[in-house]
Amino acid sequence: LGEPGRAALEEYLAEARPVLVADRPPTDFVFVNRLGRALGPRDAHRIVNAHPLPDGRRVHPHTLRHAYATHLLEGGADLRVVQELLGHADVATTQVYTHLTRDRLRAVYDASHPRA
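Draft legend 1. Molecular detail of the packing of helix α3 (residues 61-74) against helix α4 (residues 79-86). Orientation of α3 relative to α4, taken along the N-to-C sense of each, is 160°, at an axis distance of 10 Å. Judged by the angle between their axes, α3 and α4 are roughly antiparallel. Handedness of the crossing formed by α3 with α4: right-handed. The residues of α4 that touch α3, namely those facing R65, Y68, A69, L72 and L73, are L79, V82, L85 and L86.

Pasting the structure below:
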């Protein structure tokens, strides 16, 4: 977890979560919805959809997961580590992201190498 993520999590735990769980049955879930229950897939989709990109496009929560894996691999993370972080049972599922990373590396190489 990077520094911006840690700071955001600390702010959420200190300010937002207490409001969401106030006057609700106790829960051990870190992320809760507006009813104080565990945050589910529909909640995640609603939240992400409420915050479009600067150009107006809206993304699906899976887009964030995809970007996370791609950035890890582009940053040099081991494929098996990314597999574990994503919860993939088969490394072949994770290898889909390596293809995208190779394509990006090739594009950067072609654009910047003087003899490409």
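Draft legend 2. Spatial organisation of the nonpolar core. Counting residues in each nonpolar core, the largest one holds seven residues, listed as A69, L73, L79, V82, L86, V91 and Y97. Breaking this core down by element, the ones donating at least two residues are α3, α4 and α5 (91-112). Top element by residues in this core is α4. It accounts for three residues. With residues up to four places along the chain from it excluded, the contact list for V82 reads A69, L72, L73, A77 and T94.

Draft legend 3. Fine view of the side chain of R17. In this fold, R17 is placed in helix α1 (residues 3-21). Side-chain polar atoms of R17 contact the backbone oxygen of V30, separated by 3.0 Å. Leaving out residues up to four positions away in the same chain, R17 has contacts with Y12, T27, D28, F29, V30 and V32.

Quick notes on the rules
Residues numbered from 1 in each chain as written. Predicted model: local features only at pLDDT ≥ 70, side-chain atom pairs only at ≥ 80, totals over all residues. Heavy atoms only, no water. Axes fitted to C-alpha atoms, helices over the stretch in contact; angles between N-to-C directions. Helix = DSSP H or I, 4+ residues; strand = E, 2+ residues; numbered from the N terminus. Parallel < 35°, antiparallel > 145°, perpendicular 65-115°, else oblique. Left-handed = near helix turned anticlockwise from the far one by under 90°. Contact = heavy atoms within 4.5 Å. Core = buried A, V, L, I, M, F, W, Y, C linked by side-chain atoms within 4.5 Å. Buried < 20%, exposed > 50% of the residue type's maximum accessible area, 1.4 Å probe, protein only. Polar contact = N/O pair within 3.5 Å; in protein donor to acceptor, adjacent residues only side chain to side chain.

Function cannot be read off these values alone, since they describe shape.
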